[in-house]
Amino acid sequence: MPFRGVDYFCVDSLLGEQELMVRQTARRFAEERILPLIRDCFRDARFPSELIPEMAELGFLGANLEGYGCAAMSNVEYGLVMQELERADSGVRSFVSVQGALVMYPIHAYGSDEQKRKWLPRLQSGQAVGCFGLTEPDFGSNPAGMRATARRDGGSWVLNGEKTWITNGSMSDVTVVWARAPEGVRGFLVERGTKGYTTSDIHGKWSMRASVTSSLSFSDCRVSECDRLPGAAGLKAPLSCLSQARYGIGWGAAGAAMDCYETARQYSLLRKQFDDRPIASHQLVQEKLAWMITEITKAQLLALHAGRLKDQGKLEPAHISMLKRNNVAIALDCARLSRDLLGANGITDEYPVMRHLCNLETVKTYEGTDHIHALVIGERVTGVAAYR
């Protein structure tokens, strides 16, 4: 059945006409273009790259950035796009998040005019794909410990090190890579084919199968001074990029939760057990559905308020930690409860629940684990940084 939306508490009444139009555009794209092929993509561990030009045409890439062909959406509109894309699949939403928040944003915020002119129109139009190299084999939650290095050599920089768990890695035309220089952490743009730069894909994933995940290697990789992001100095720069992406994840996770809930709700009305009654008539089933819709409603309101604050320039990284941590956690719980309500059918790919459940295990971990975001919130309310 076509998705009619999940809106128990009249949250749609808080959205403007333009916001509803943007959501409808993204919803139609998810229904008509992603859902018909995503099950096979997940089975085959293939990213549907044929959708990139269409997503670009709809303005999804770098949606909340201005200039260079970008759609200049509000942050609420951008969030609604992320919600609808992840309602279809986390891997597709991850591609759009990385392209916009982790590649286009740092170039837009920290790049030179030349870098912006060269890359932003190509990335926005989908003619080029980018990735973000921060996580390393030994340093994920602690990026301050990164071992990748950058040293000056005349008018060039020489990069050495490894990055891993990189979305879009091997399909990227440009990599935003972060490395430790004597002056501190710096960001660089490394093009595909640069000598000393190689990629390899990570296989055997049970999660994010419709997404490309790679390792990056830099061995005496030489780039020019023109490839350094001139405005990026210290860890604050890459962390600001992560804040952009985590914001989108908060919205996206709510979308995955909606899909799991609606799948379970419809199934419970059709599935009959005990005296030929739909299982929706049983108290334990209704309790699970009531829990899900309550948590989804709270997640929707949290995401919407975060979007309003972001559009006002008031959203802080600690706010985003609560948004990401809460919404991913309830999405995972919704997926598990939905799988329970579907019984044995819940483990088959005829239904999207197990796919969401597997994907969300990754979403819970990447761009700040549940534990790290808990400590960010803890520091905010106590003034004590427990992770230092």
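Here's what I pulled together on the structure shown here. The residue count restarts for each chain, going from 1 along the sequence in the order it is written. Residues qualify for local features only when their pLDDT is at least 70, as the model is predicted, and side-chain atom pairs are given and counted only at 80 or more; totals for whole chains, interfaces and linings, by contrast, use all residues. Side-chain numbers here rest on the full set of heavy atoms in the structure, without hydrogens or water.

**Remarks on the overall build of the chain**
Next, step 1: Runs of H or I in DSSP of at least four residues are treated as helices and runs of E of at least two as strands, each being numbered from the N terminus. Regarding its fold elements, the chain presents 10 helices and nine strands.
Next, step 2: Put simply, the radius of gyration uses C-alpha atoms, and a globule should come to 2.2 Å times the residue count raised to 0.38. Computed over C-alpha atoms, the radius of gyration of the chain comes to 21 Å, within 12% of the 21 Å expected from 2.2 N^0.38 for 388 residues, which places it in the range of a compact globule.
Next, step 3: Oriented by its inertia axes, the alpha-carbon framework of the chain measures out at about 80 × 45 × 40 Å.
Next, step 4: Burial status follows relative accessibility: with a 1.4 Å probe on protein chains alone, a residue under 20% of its type maximum counts as buried, one over 50% as exposed, and anything between as partly exposed. A burial count over the chain gives 55% of its 388 residues as buried.
Next, step 5: What makes two residues a contact is simply this: any of their non-hydrogen atoms within 4.5 Å. Within the chain, counting contacts between residues at least 6 apart in sequence, those at least 24 apart form 75% of the total.
Next, step 6: Computed by Shrake-Rupley with a 1.4 Å probe, the accessible areas treat only the displayed protein chains as cover when residues are assessed. Surface accessibility of the chain: about 16,800 Å² in total, with carbon and sulfur atoms responsible for 52%.
Next, step 7: Side-chain charges in the chain split into 45 positive and 45 negative, and the spacing between the mean points of these groups amounts to 3 Å. The charged-residue count follows a simple rule in which Lys and Arg add positive charge and Asp and Glu add negative charge, with His and chain termini not counted at all. Taken as the charge centre is NZ of Lys, CZ of Arg, CG of Asp or CD of Glu, depending on the residue.

**Thoughts on helix 8 (residues 317-342)**
Next, step 1: In this scheme, a helix's expected span is set at 1.5 Å multiplied by one less than its residue total. Taking 1.5 Å per residue, 26 residues should reach 38 Å; helix 8 reaches 37 Å between its end C-alpha atoms and fits that length.
Next, step 2: Residue glycine 343 follows helix 8 closely and has a positive phi angle near 60°.

**Observations concerning the side chain of threonine 164**
Next, step 1: As for its placement among the helices and strands, threonine 164 is situated in strand 3 (residues 156-167).
Next, step 2: On the basis of relative accessibility, which here comes to 9%, the residue threonine 164 falls in the buried class.
Next, step 3: Any N or O atom pair separated by 3.5 Å or less is treated as a polar contact, with the protein-specific requirement of one donor-capable and one acceptor-capable atom, and with residues adjacent in sequence counted only for side-chain atom pairs. A polar contact of 2.9 Å, which involves the side chain of threonine 164, links it to the side chain of serine 215.
Next, step 4: Dropping the residues within four chain positions of it, threonine 164 is found in contact with Thr135, Glu136, Pro137, Ile202, Ser214 and Ser215.

**What to know about the pattern of salt bridges**
Close approach of charged atoms allows side chains of opposite charge to pair.
Next, step 1: By definition here, a salt bridge exists when the distance from a side-chain nitrogen of Lys or Arg to a carboxyl oxygen of Asp or Glu is within 4 Å. Scanning all chains against the criterion turns up 26 salt bridges.
Next, step 2: A salt bridge links glutamate 19 to arginine 308, with the shortest nitrogen-to-oxygen separation between them at 2.6 Å. Of this pair, glutamate 19 sits in helix 1 (residues 17-44) while arginine 308 sits in helix 7 (residues 283-311), and the two are 289 residues apart along the sequence.
Next, step 3: We classify glutamate 19 as buried; its relative accessible area is 9%.
Next, step 4: Taking the relative accessible area as the measure of exposure, arginine 308 reaches 25% and is therefore partly exposed.
Next, step 5: The partner of arginine 87 in a salt bridge is glutamate 31, with the nearest N and O atoms 3.0 Å apart. Of this pair, arginine 87 sits in helix 3 (residues 75-88) while glutamate 31 sits in helix 1; the two residues are 56 residues apart in sequence, bridging distant segments of the chain.
Next, step 6: Residue classification places arginine 87 among the buried residues on the basis of a relative accessible area of 2%.
Next, step 7: The exposure class of glutamate 31 is partly exposed, given its relative accessible area of 25%.
Next, step 8: The structure contains a network of salt bridges with shared partners spanning Arg27, Glu31, Glu84 and Arg87.

**Some points on the packing of aromatic side chains**
Next, step 1: Under the pairing criterion, centres of Phe, Tyr and Trp rings, with the six-membered ring standing for Trp, must be within 6.5 Å; the plane angle then separates stacked pairs below 30 degrees from edge-to-face pairs above 60, leaving the rest tilted. Tallied over the full model, the rule gives nine aromatic pairs.
Next, step 2: Both rings, one in phenylalanine 29 and one in phenylalanine 60, keep their centres 5.8 Å apart while their planes meet at 80°; by these two values the pair is edge-to-face. A residue pair is termed long-range when its members are at least 10 positions apart, and phenylalanine 29 in helix 1 and phenylalanine 60 in the loop between helix 2 (52-57) and helix 3 qualify at 31 residues.
Next, step 3: Taking relative accessible area as the criterion, phenylalanine 29 reaches 5% and is therefore assigned buried.
Next, step 4: Taking the relative accessible area as the measure of exposure, phenylalanine 60 reaches 1% and is therefore buried.
Next, step 5: Between tyrosine 105 and tyrosine 110, the aromatic rings sit 6.4 Å apart at their centres with planes inclined by 85°, giving edge-to-face as the arrangement.
Next, step 6: Overall, tyrosine 105 belongs to the buried group, its relative accessible area being 17%.
Next, step 7: Throughout this description, the term charge over a ring refers to an Arg CZ or Lys NZ atom that lies within 6 Å of the ring centre and within 35 degrees of the ring normal. The side chain of arginine 209 reaches across the aromatic face of phenylalanine 42, ending 6.0 Å from its centre.
Next, step 8: The ring of tyrosine 247 is capped by lysine 310, whose NZ or CZ atom sits 5.5 Å from the centre of that ring.

**Observations concerning the packing of helix 3 against helix 6 (residues 236-270)**
Packed helices, taken two at a time, are described by the angle between their axes plus the distance between the axes.
Next, step 1: Axis definition: a line fit to C-alpha positions, over the contact stretch in the case of helices; interaxial angles, taken between N-to-C directions, run 0 to 180 degrees. Between helix 3 and helix 6, whose axes approach to 7 Å, the crossing angle comes to 40°. Taken together, helix 3 and helix 6 sit at an angle that is classed as oblique. In this structure, helix 3 crosses over helix 6, and the sense of that crossing is right-handed. Contact residues: Asn75, Val76, Tyr78, Gly79, Leu80, Met82, Gln83, Glu86 and Arg87 in helix 3; Tyr247, Gly248, Trp251, Gly252, Ala253, Gly255, Ala256, Met258 and Asp259 in helix 6.
Next, step 2: Across the contact of helix 3 with helix 6, the residue classes break down as nine nonpolar, six polar and three charged. If an angle is under 35 degrees, it is roughly parallel; if it is over 145, roughly antiparallel; if it lies from 65 to 115, roughly perpendicular; otherwise it is oblique. The handedness criterion is simple: a crossing whose near helix is rotated anticlockwise from the far helix by less than a right angle is left-handed, and one whose near helix is rotated clockwise is right-handed. Residue polarity follows a fixed list, in which Ala, Val, Leu, Ile, Met, Phe, Trp, Tyr, Cys and Pro are nonpolar, Asp, Glu, Lys and Arg are charged, and the others, Gly among them, are polar.

**Quick word on the nonpolar core**
Nonpolar side chains tend toward joint burial in soluble globular proteins.
Next, step 1: Remark: nonpolar core denotes a set of buried residues (Ala, Val, Leu, Ile, Met, Phe, Trp, Tyr, Cys) joined through side-chain atoms within 4.5 Å. In terms of nonpolar packing, the biggest core is built from 70 residues, with Ile34, Met55, Phe60, Phe95 and Trp178 touching the most fellow members.
Next, step 2: Looking at this core element by element, the count peaks at 11 residues for helix 4 (residues 90-110).
Next, step 3: One finds Ala299, Ile330, Leu341 and Leu342 within the second-largest nonpolar core, a separate group that totals 33 residues.

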